[in-house]
Amino acid sequence: MSARQLVLRQRAELLCALCCGGSSEGLESVLDLLLSWGMLFWEDYQNVRVPGRALCANTRVLLDLVYTKGDETCRLLLAAFKQVLPEAQRAGLSFGNCRTADLENTRDDTKELHGTAIQTLQTDRPGLVRRLRDRIEGALEVLLDTGSFTPSDCDEVQLPVYTPSQQARRLLDQVRSKGEPAAKVLLQYFQQTEDHPSPSNQESPPKECLSYQKKLRSTVSAQSHFLSTYGGTSSLSLEDIYTEGQLELAQGGSEAQPQTGALGLEDVVGLVGTLNQEADTVLVSGEAGSGKSTLLQRLHLLWARGAVLHDFFLLFPFSCRRLSSEQRELSLRELLFLHCCWPDGDQDRIFQFILDHPHLILFTFDGLDELMQSFSDSEQRHCCPTQCAPVPTLLFNLLQGSLMKGVRKVVTSRPEAVGPALKRYLRKEVLLKGFSPAGIDCFVRKHHRDPTVATRVLESLQSNTALLGLCHIPVFCWIVSKCYKELLGCGEGEGSPKTITDVYLMILQHFFQRRVSQRNTMGIGWVQEHQDTALHLGKLAMEGLGASCYVFTGTELQKCGVTEEDICMGFLIRSKDLSSSTNCKHYEFLHITMQCFFAALYIVLNNNLDRSTIPKLFQPQARQQQPGFHRACLGHCLTQQEGALMEANTAAETPNLQITATFVSGLLSQRHRSLLLLSCPGPTLDRKSKQVVTCLSKGMQKHFKSIPRPVEGEKKSMHAMPGFVWLIKCIHEMQDSRIARDTMAKLEVEHLKLTYCNIGPVECTALAYVLQHLRNPVGLQLDYNYVGDVGVEQLLPCLHVCHSVYLRHNNISDEGIRKLIEKGIQCERFQKIALFNNKLTDACTECFAHLLKMKQNFLSLRLGNNNITAAGAGQLAEGLRFNRSLQFLGLWGNKIGDKGAEAIANALKDSQTLVWLSLVDNGVGSAGACALAPLIKNSTLEELW
C-alpha cells in the first residue's frame, strides 16, 4: 500500500494521535521536521499553524495539504509521526517502509540545496528548537543588543502562555521575519555558545551536580525501597508488593475520546492528556486508600534506579503531611535541601543549576488534602527562590507557577480537597481508581507467598461479593490480606465482613490479638478488654481531625493518655523527624482512614460525649457554610477539661469527617450491638443510634426537597450530589433494611442521575442495598464514574427496580456485561441500557442478541464507542431479527464496516418499531449505505445517522 493510501486510510487515527492529549507540541514537532526536510514551504507552515484555530482543525489542514502533495510527502509525514509520537500512541498505526537511512539522505539533500542563514534555520529547525529552550533569554539579549529585535519583539516571544519549546519556535519565526541579518546573528550566537558549552547544551552537568544527583538517587531509593504506607516499612519490599492501580484521565469537561489503552506510570508526567500546556502541575486524585502515596513511591524508586523519567535530572519528593508540621519560614533552597537531600558540594552552584534548568527538575507533593491551609488565589504571591516565606506560601506559588515556572510538579490529593482555585493551574488531572479484579488477585498473591493461603483468601472474596467490592480499594485489600486468619475463620454466613466498618473491626481485632498470649483467644468482650487503648487513641485521633493534624509529638500523646503499651499495639507508627533539630519523636496513624476509625470509636464508646456531637458530624452543609465549623463539632466531642478547641481550617475537613461519620453509622448498627454492649450502656447506644438514623433521614429529606418540578413532557428526575452518595453509604453501613425502606419510600422520581460522582464498586454495593427498596421503577444514570465489572456485579440486586441503566464511560468489559444481561433478562421492568465508551468487544454481542430474543419489551440499546466489529454486528443481527420492540439502536464509533452494516440492515428491514439508528464512524462505505437505504422506507424510522 502506498504512503498516500496509508495516510488516507489512517486519517482518523493520525488525527487522534496528535490531538488526543490536547497539546499542540506533537503537531508543531511534526511541522518542524517537514520544514527541515523541505516538504513544506514557509507559506504552507503559516497556513497550517493558524493562531486561535482549534488544534484538530490545524491538524486536518496539515493532513489535507500533505495528501495533495503526493506519495513522497505522505511517506515523510508518516516518518515524522513515527519519530515524534511516544511508543504508546504509535500502537496500531502503520508507517509503511520509511527508513532511517532515507531520512538521513533527505536531510543531506536539503542541506545541500540551502545555503543562506534563513535556509539554515529552516533545515536545522528541530535541533535549534531543542537548543533554544534553555537559551531564550541569552538569544534575545544578543538580538536586542545588535538591533535585530525591539523590546516588543522580545515580549511577543516571552509571552507567559508559551512553553519553552513554543517560545523557541516563536523566536525562530520572528528571526525569519526580520531577514538574513538577524538570522546570521542568531547562528553566530549558537556558534559562540558551542565554543563555550554550558550544561544546557547537552553536555554533562557540572561534577557537583552529578555528585548531588547520585546522592539524591541514593536517598530517594532508600526512602522508597520498603512500602511506606500501612506501617509496612519494616517488612514489605515495594518491589515485591507493588500492584498497579487503574489510572484514567479526567474528562476535563470535554466529550470522551476513544480509550487508547491503560495509562502507565510515565504517562502521569508525560504529554498524554495535557489540557493546559502553560501549566506545570499534574494532579493525581483518588479516594482515601486508593494507593496515591504508593504510586508516587513507585515513581520515586524507578527514577532513582534510572528506569523511568529520563528527562528529569533531579527529583525532589515532599510529604504535605510533614510540610504541615514545618513552622519555620524557609526559602526554596532551604526547602529542597532540608526536606529532601543535603548537598555535600557547592550548594550555590547546584541551586543555580536548578534555577537555570527548571525543565530538568521534578517535584512531587504527596497528600495536598492533608495541608492545614486550603489553596486560595488570595495567597500572597512569592516569586523569589532565595527569599524566605511560610511553607504553604512556597507550595502554593510553586503549584500555580509564580515560583519556578517550568518545573514539573506532581501532586496527589483526594478529589474533594481540590477546588477551582487550584484546578485552573493544572496541566492535567489523572484519576487513580484502585484495583481492577486482576489487580486484587495480583495483590493477594504477592502478599501471601504461600499459594494455598492466597487461593483460599481469593476464594473467600469471590464468595462474598460485598467484600470483593471493598477490595477494589487497596487499603481494604491490604486489611483483608493482613487479617486472612480472621477472614477465613468467620465463614460465609452473617458473620462474614460486608461493610467498611466490618473490615476495620477485623483489623482492630487482629492487632489486639497480636498482643495477647498465643494460648489465649479473645472472646466476645475483646473490645471491652482494650477499651482504654481505644479511648486513648480515639481521643488523639479526634483532636487530630479537629486540628487537621496527622503527625503527633510525644507530648500530644501524653495529653491524650496514650501509653507505651498503646503505641505497641501497632496502630501508631514512628514518623520522620520532620527536619527538626531536636530528638523529639513523632507518630502517625497507619493510615488516615485508621485515624477516622478511632475517632468514630471514641464517639461511640465515650459515655460523656456531648449530645450535639453526632448531629453536627452529619451536617456537611453547615461545615461548608462555616469554614471553622469543625472546631464546634469536634470540640463538643471533648469535655471542657480535655483542652481548648483547635484553630485550624482545612480543605480535608469534610471528607475526613464524612469517613468518621460513616464509621459511626456502622459501629452503631444492630450488627455490632452485642460487641459494644459490654463497653457502653445499652440506652446510650440506643440514643446514639437513633441520632444517626434521624440525621440520615433529615439529610435525605434535604436532597429530596431540592428535586425540581419536572418540565411538562419530561420525567421527574433528581441529579444527586456526592453528599447523597455519602448518606447512602452510611445507611448501608447500618445494615438495617427498615431504614433503607423508609428512606426510599420518600423518593418519588423516574430518573436518578449520579454522573461524575466518583461511584466505584464500594458505592455500587451501598446504592444497590438502598435502591432495591424503591417503590416505583427508576432510570439509573451512572455515567462517567468507575463502576467497572466488580461494580456492575454489586448493582445487580437493584436491577429489578430499574427500567433504564446508563453506564457510559465506566471501564466495563464483556465479563461485567455478561452478568448484567443474565440478571436483566429476569427483570420485567428492565428496558434500556447505554454503554458508550467502555471496553466491549464482539464477545458481548451474543449476550445482547440473547437479550433481544428473550425480552420483547426491550426499547433501547446504545453501544457506541466500543470495539465491536462486523462479526459482533452479525451476532447482534441474530437477536434483532427476532425482536419486535426495539426503538433505539446506537452503534456509532465501532468498527462494523460494510459487512456489519449489511447484517444490521437485513435484520431491521421488517422492523415496525425502530425510531432511531446510528452507525456513524464505523467505516461504512457504499455497499453498507446501499444496504441501509431501504430502511428509509420504514414507516417508524425518524432518524438515520
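The model shown is predicted, which means the values in this text are computed figures rather than measured ones. (Residues numbered from 1 in each chain as written. Predicted model: local features only at pLDDT ≥ 70, side-chain atom pairs only at ≥ 80, totals over all residues. Heavy atoms only, no water.)

Draft legend 1. Layout of the packing of aromatic side chains. Applying the stated criterion across every chain, the model contains 27 aromatic pairs. Taking 6.1 Å as the distance between ring centres and 70 degrees as the angle between the ring planes, the aromatic pair formed by Phe597 and Phe598 counts as edge-to-face. Through pairs of rings, three or more aromatic residues link up here, namely Phe476, Tyr504, Phe511, Phe512, Trp526, Phe552, Phe571, Phe589, Phe597, Phe598 and Phe663. Here the basic side chain of Arg217 rests over the ring of Trp303, its NZ or CZ set 4.4 Å away from the ring centre. One cation-aromatic arrangement involves Arg862 over Trp916; the distance from NZ or CZ to the ring centre is 4.5 Å. (Phe/Tyr/Trp six-rings, centres within 6.5 Å; stacked < 30°, edge-to-face > 60°. Lys NZ or Arg CZ within 6 Å of the ring centre and 35° of its normal.)

Draft legend 2. Looking closely at the sheet that holds strand 3 (residues 314-319). Spatially, six strands are ordered 1-8-2-7-5-3 in an open sheet, and the strand pairing comes out mixed. Looking at the sheet topology across the chains shown, the edges are occupied by strand 1 (247-249) and strand 3. The average angle at which neighbouring strand axes cross in this sheet is 20 degrees, direction not considered. Sheet topology places strand 5 (residues 361-366) next to strand 7 (residues 408-413); four bridges connect them, and they run parallel. Bridge assignment links Thr364 to a residue of strand 7, and that residue is Val410. Running at roughly 125 degrees to strand 5, helix 22 (residues 391-400) makes contact with strand 2 (281-285), strand 5 and strand 7 of the sheet. (Pairing = 2+ DSSP bridges. Helix = DSSP H or I, 4+ residues; strand = E, 2+ residues; numbered from the N terminus. Axes fitted to C-alpha atoms, helices over the stretch in contact; angles between N-to-C directions. Contact = heavy atoms within 4.5 Å.)

Draft legend 3. Main features of the sheet that holds strand 9 (residues 552-553). Spatial ordering of the open sheet is given by 9-11-10, a layout of three strands whose pairing is antiparallel. Two strands bound the open sheet, and with one partner strand each, they are strand 9 and strand 10 (572-575).

Draft legend 4. Geometry of the side chain of Ser911. Tracing the sequence through the fold places Ser911 in the loop between helix 48 (897-908) and strand 19 (916-918). Using a relative accessible area of 14% as the deciding quantity, one classes Ser911 as buried. Among the polar contacts made by the side chain of Ser911, one reaches the main-chain amide nitrogen of Thr913 at a distance of 3.3 Å. When sequence neighbours within four positions are dropped, the list of residues in contact with Ser911 reads Asn938 and Thr940. (Buried < 20%, exposed > 50% of the residue type's maximum accessible area, 1.4 Å probe, protein only. Polar contact = N/O pair within 3.5 Å; in protein donor to acceptor, adjacent residues only side chain to side chain.)

Draft legend 5. Local environment of the packing of helix 3 (residues 25-36) against helix 6 (residues 71-84). Contact geometry for helix 3 and helix 6: axes closest at 9 Å, N-to-C directions at 130 degrees. Between helix 3 and helix 6, the interaxial angle falls into the category oblique. Crossing of helix 3 against helix 6: the hand is right-handed. Of helix 6, the residues touching helix 3 (which contributes Gly26, Ser29, Val30, Leu33 and Leu34) are Leu76, Leu77, Ala80, Phe81, Gln83 and Val84. In terms of residue class, the contact of helix 3 with helix 6 is made up of eight nonpolar, three polar and no charged. (Parallel < 35°, antiparallel > 145°, perpendicular 65-115°, else oblique. Left-handed = near helix turned anticlockwise from the far one by under 90°. Nonpolar A, V, L, I, M, F, W, Y, C, P; charged D, E, K, R; others polar.)

Function cannot be read off these values alone, since they describe shape.
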